[in-house]
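Each chain, letter by letter, is given below.
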Amino acid sequence: MYSPSIENLIKAFSKLPTVGKRTAERFVFYLLQSGKKDVAELTIALKQLIENVKSCEMCWNFTETSPCKICSDQKRNPSLLCVTTTPQDLEVLESTRQFNGRYHLLRGVVKSESQESLERTKIPQLLARIQKEPITEILLALNHNLDGEITMMYLEKKIQSINSEIKITRLARGLPMGSDLQYADEITLKSAIENRR
Ligand SMILES: [Zn+2]
């Protein structure tokens, strides 16, 4: 056993994705040896993260102002909405500069149609948006895997039942099946948006 303060921080780091106990230990001893400057930097960055970052009330991306920059950009096409899962997905789609509409982040996928499963996502907020915004096309840009497929099928059904005039599109084929959007290369993704159908 290390000292209680060391054990505590190891435990905290171990909760982070892909960080096991060994890596957490390396982080803690690095910080102890590197001196106060690195620890202070990390402390300030964490404090700013918690104090300044909130959810955009329109698209549910993380932002420091709500509505976020994208949602409040008047040059964006308000009739075009891209639905995707995570902030990283949004970032990679945005980096292609191929999409000029707005976004809606689900922050999760549908595992079943139970109310509980839906409430863990921002699907209820999406369905509310399509009833009050002038949306004519929704691009479903979810990962090409089983969860993504189930969620897209659920959304198609739901959106159609609320407003059958909304055109629902998906990214064009070319993205490998089972792959994560955020690892797709820019050219493939750019053409997948361009050739959406
Ligand atoms: Zn936003």
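Conventions used here
Residues numbered from 1 in each chain as written. Predicted model: local features only at pLDDT ≥ 70, side-chain atom pairs only at ≥ 80, totals over all residues. Helix = DSSP H or I, 4+ residues; strand = E, 2+ residues; numbered from the N terminus. Buried ≥ 20, exposed ≤ 12 C-beta atoms within 10 Å, placed from the backbone. Contact = placed C-beta atoms within 7 Å. UniProt positions renumbered as here; feature names shortened; annotations may be inferred. Domains from an automatic or database assignment. Core = buried A, V, L, I, M, F, W, Y, C linked by C-beta atoms within 7 Å. Pairing = 2+ DSSP bridges. Axes fitted to C-alpha atoms, helices over the stretch in contact; angles between N-to-C directions.

**Brief notes about the overall build of the protein chain**
Assigned secondary structure in the protein chain consists of 8 helices and 6 strands. The order of α-helices and β-strands along the protein chain, N terminus first, is α-α-α-β-β-β-α-β-α-α-β-α-β-α. Expressed as lengths along the three principal axes of its C-alpha atoms, the size of the protein chain is roughly 65 × 40 × 35 Å. When each of the 197 residues of the protein chain is scored for burial, the buried share is 25%. Summarising the internal contacts of the protein chain: among those between residues at least 6 apart in sequence, 52% fall at separations of at least 24.

**Notes on the environment of glutamate 133**
Considering the arrangement of structural elements, one finds glutamate 133 in the loop between helix H6 (123–132) and strand S5 (137–140). Along the backbone, glutamate 133 and proline 78 are 55 residues apart, and their C-alpha atoms lie at a distance of 7.7 Å.

**With respect to the UniProt feature "zinc finger region: C4-type" (unreviewed entry) in the protein chain**
If you check UniProt for "zinc finger region: C4-type" (unreviewed entry), the listed places come out as residues 56–71 in our numbering. Secondary structure over residues 56–71 splits into 0% helix and 12% strand, and the C-alpha atoms at its two ends are 8 Å apart.

**A word on unusual backbone geometry**
In this chain, serine 66 is followed by proline 67 through a cis amide linkage whose omega measures 0 degrees. For proline 67, the position within the fold is in the loop between strand S2 (62–63) and strand S3 (80–84). Although it is not a glycine, threonine 18 adopts a positive phi angle of roughly 65 degrees. Residue placement: threonine 18 occurs in the loop between helix H1 (4–14) and helix H2 (21–34). Here arginine 107, not a glycine, exhibits a phi torsion of approximately 60 degrees, which is positive. With respect to the element layout, arginine 107 can be found in the loop between strand S4 (102–105) and helix H5 (115–119). Judged by the 18 C-beta atoms lying within 10 Å of it, arginine 107 falls in the partly exposed class.

**Considerations on the domain arrangement of the protein chain**
Annotation of the protein chain at the domain level lists domain 1 (4–52) and domain 2 (62–194). Between the C-alpha centres of domain 1 and domain 2 there is a distance of 34 Å.

**Overview of the nonpolar core**
Nonpolar side chains in soluble globular proteins tend to end up buried together. Of all hydrophobic cores here, the largest spans 33 residues; its most connected members are Cys59, Cys82, Val83, Leu93, Ile138, Leu140 and Ala141. Listing elements by their share of this core, those giving two or more residues are S3, helix H4 (87–95), S4, H6, S5, helix H7 (146–162) and helix H8 (186–194). If we skip the residues at most four places from it in the chain, cysteine 82 touches Leu93, Phe99, Gly101, Tyr103, Leu139 and Ala141.

**Examining the sheet that holds S4**
Within the open sheet, the 4 strands sit side by side as S4-S3-S5-S6. Their pairing is parallel. Of all strands in the sheet, those with a lone pairing partner are S4 and strand S6 (167–170), marking the two edges. Pairs of neighbouring strands in the sheet enclose a mean axial angle of 25 degrees, with direction left out of account. In this sheet, S6 lies alongside S5 in parallel orientation, the contact comprising 4 bridges. Note that in S6 the partner of leucine 140 across the bridge is arginine 170. Helix-sheet contacts for H4 involve S3 and S4, and the interaxial angle to S3 is about 135 degrees.

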